[in-house]
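Close look at the chain arrangement
The primary structure of each chain is shown beneath.
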Amino acid sequence: MNLVSPVIVDIVYCLLMSLIREPHRRHFNAIMVGGAGAAYLSGGGFGPWELPFVALMACVAYRGLESWNFIGIGWLLHTAWDIAHHIKGNPILPFHHDSSLACAICDPVIALWCFRGALSVRVS
């Protein structure tokens, strides 16, 4: 697996997201982390255990509407879910065996950006 690609995805994601003005940036990222919680819902391999994770991520995303820290927590939770799927479940992209591992590399970098307040590259 190429370890550079997930980092490039991180950089592009953070740069593009930073162009959105606050508070819309935080709200949009809360929606993104909520959606990430459902990424494995259609065949992740953990059967009914996929549902409590979706519910947990929905709660975290809701709290993320008001807090970058909760959005960061959501990305770290998704990282753990990615690792579990890489080891025991099905990949996030069925046609790419290491896609969950790539996502597990990508998500903590986005979480770090969120914990730092999701700084913008935009000059006000």
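In what follows, the accompanying structure is described. (Residues numbered from 1 in each chain as written. Predicted model: local features only at pLDDT ≥ 70, side-chain atom pairs only at ≥ 80, totals over all residues. Heavy atoms only, no water.)

Quick look at the packing of helix α2 (residues 24–37) against helix α4 (residues 68–87) now. Running from amino to carboxyl end, α2 crosses α4 at an angle of 25°, the nearest separation of the two axes being 10 Å. Looking at the two axes, α2 sits roughly parallel to α4. In terms of crossing hand, the pair formed by α2 and α4 is left-handed. On the side of α2, the interface is formed by Arg25, Arg26, Asn29, Ala30, Met32, Val33, Ala36 and Gly37, while α4 contributes Trp68, Ile71, Gly74, Trp75 and His78. (Axes fitted to C-alpha atoms, helices over the stretch in contact; angles between N-to-C directions. Helix = DSSP H or I, 4+ residues; strand = E, 2+ residues; numbered from the N terminus. Parallel < 35°, antiparallel > 145°, perpendicular 65-115°, else oblique. Left-handed = near helix turned anticlockwise from the far one by under 90°. Contact = heavy atoms within 4.5 Å.)

Another point: the packing of aromatic side chains. For any pair of aromatic rings, the description rests on two quantities: the centre-to-centre distance and the angle between the ring planes. By the definition in use, this model includes 5 aromatic pairs. Seen in terms of ring centroids, Phe46 and Trp81 are 5.4 Å apart; in terms of plane orientation they differ by 70°. Their pairing is edge-to-face. Of the two residues, Phe46 sits in the loop between α2 and α3 (50–64) while Trp81 sits in helix α4, which places them 35 residues apart along the sequence. Plain terms: the ring middles of Phe53 and Trp81 are 4.4 Å apart, the flat faces sit at 15° to each other, and that makes the pair stacked. Within this pair, whereas Phe53 is found in helix α3, its partner Trp81 is found in helix α4, the two being separated by 28 residues in sequence. Judged on exposure class, the residue Phe53 and its partner Trp81 are both buried. Within the aromatic cluster, the residues linked to one another by ring pairs are Tyr13, Trp68, Trp75 and Trp113. (Phe/Tyr/Trp six-rings, centres within 6.5 Å; stacked < 30°, edge-to-face > 60°. Buried < 20%, exposed > 50% of the residue type's maximum accessible area, 1.4 Å probe, protein only.)

Here we take up the environment of Ser18. Within the element layout of this structure, Ser18 appears in helix α1 (residues 4–18). The class of Ser18 is buried, set by a relative accessible area of 0%. For Ser18, the side chain forms a polar contact with the main-chain oxygen of Leu15, separated by 2.8 Å. (Polar contact = N/O pair within 3.5 Å; in protein donor to acceptor, adjacent residues only side chain to side chain.)

Let's shift gears to the layout of surface pockets. Reported here for the largest pocket is a volume of approximately 280 Å³. Along its surface, the largest pocket is lined by 21 residues, and Val9, Ile92, Ser99, Cys103 and Cys106 are the ones closest to its centre. Of all the secondary structure elements, the ones that give two or more residues to the lining of the largest pocket are α1, α2, α4 and α5 (99–115). Of all the elements, α5 adds the most residues to the lining of the largest pocket, at 6 residues. Split by residue class, the lining of the largest pocket holds 14 nonpolar, 6 polar and 1 charged. (1 Å grid on protein atoms, 1.4 Å probe; cavity = no way out; pocket = protein on both sides within 12 Å on 5 of 7 lines; lining within 4 Å. Points joined across faces, edges and corners; volume = space filled by probe spheres on them. Nonpolar A, V, L, I, M, F, W, Y, C, P; charged D, E, K, R; others polar.)

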